[in-house]
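# Summary of structural features
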Amino acid sequence: MEKLPNINVIYEDNHLLVVEKPINMPVCEDSSGDIDFLSLLKSYIKIKYNKPNNVYLGLVHRLDRPVGGIMVFAKTSKCAARLSKQISEHSFEKTYYAVVTGRLDDKGRFEDYLIKDHKSNIVRVTNSNEGKIAILDYVVIKRKDNFNLVRINLKTGRSHQIRVQFSSRGNPLVGDHRYNMDDMNSKVNIALFAKSICFRHPISNDKMFFELELPKRYPFNLF
């Protein structure tokens, strides 16, 4: 019998799979050809339940490749549609923790219009005529020297949103090799982690909340 992939499964039933995505793994197949998380999870289900045919697993939200943390996947198309509806209605809550640099108010809301250059995979702040609205709320949890540990609640789910919105205000994320000029060549992994999610179960409608502990790695371990 094939060995199950090494995956941190937080919750599983006939409808959902809640798991921890490893850092530096793409969520779905990309041009790198590296193993992607979606394929790994399909393999997990196929082996665990001895399924002879192709496995369905619905991707309803994403994390950037360098970012780790909690994700939920749908085991049926009905569940995928219902979770996607919650996301579009902003009732699906995602909480991130990040370590950012510089001076920062104790709490705040960022509202910007973002546009993505698909050739360079760079996102930038633009005007409302070009971009899509991006909104997040944040609270500073702790400070140490020039570092701030912040809790972030996303109101929209734009590509690179957290990274771009903080960087554009002079508070880039530690280890962000794309949007932090001081960390372009560092070997530190990005200090962004998907810590918790909260949503309604697509079948039972029960409120579901799942949370992970912060990573023990730098710079999270400073706090």
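The rules behind the values
- Residues numbered from 1 in each chain as written.
- Predicted model: local features only at pLDDT ≥ 70, side-chain atom pairs only at ≥ 80, totals over all residues.
- Heavy atoms only, no water.
- Helix = DSSP H or I, 4+ residues; strand = E, 2+ residues; numbered from the N terminus.
- Expected span 1.5 Å × (residues − 1).
- Buried < 20%, exposed > 50% of the residue type's maximum accessible area, 1.4 Å probe, protein only.
- Contact = heavy atoms within 4.5 Å.
- pLDDT = per-residue confidence, 0-100.
- Polar contact = N/O pair within 3.5 Å; in protein donor to acceptor, adjacent residues only side chain to side chain.
- Salt bridge = Lys/Arg side-chain N within 4 Å of Asp/Glu carboxyl O.

Time to look at helix 1 (residues 37–48). Note that an α-helix has 3.6 residues per turn; residues three or four places apart therefore point the same way. For helix 1, which comprises twelve residues, the first-to-last C-alpha distance of 16 Å matches the rise-based estimate of 16 Å (1.5 Å per residue) to within 8%. Along helix 1, the residues that are buried comprise Phe 37, Leu 38, Leu 40, Leu 41, Tyr 44, Ile 45 and Ile 47. Contact partners of the buried residues in helix 1: strand 1 (8–12), strand 2 (16–21) and strand 4 (68–74).

Here the focus is the confidence of the model for the protein. Model confidence for the protein is summarised by a mean pLDDT of 93, while 100% of its residues fall at 70 or above. For the protein, strand 7 (residues 122–126) is the element with the lowest average pLDDT, namely 91, and strand 4 is the one with the highest, namely 98.

With that out of the way, let us pick up the environment of Asn 148. Mapped onto the elements of the fold, Asn 148 is located in strand 9 (residues 147–154). Along the primary structure Asn 148 and Gly 102 are separated by 46 residues, whereas in three dimensions their C-alpha atoms are 7.7 Å apart. At 2.8 Å, the side chain of Asn 148 and the backbone oxygen of Gly 102 are in polar contact.

This brings us to the pattern of salt bridges. Per the counting criterion, the structure on display carries 13 salt bridges. The residue Lys 155 makes a salt bridge to Asp 137 at a minimum N-O spacing of 3.8 Å. Within this pair, whereas Lys 155 is found in the loop between strand 9 and helix 3 (161–167), its partner Asp 137 is found in strand 8 (residues 132–144), the two being separated by 18 residues in sequence. One salt bridge connects Lys 216 with Glu 213, and the closest N-O pair in it is separated by 3.4 Å. Across this residue pair, the class does not change: Lys 216 and Glu 213 are exposed. If you follow the salt bridges from partner to partner, you end up with Arg 109, Glu 111, Asp 137 and Lys 155 in one network.

By the secondary structure assignment, Lys 195 is in strand 10 (residues 192–200). Judged by relative accessible area, Lys 195 falls into the buried class, the value being 11%.

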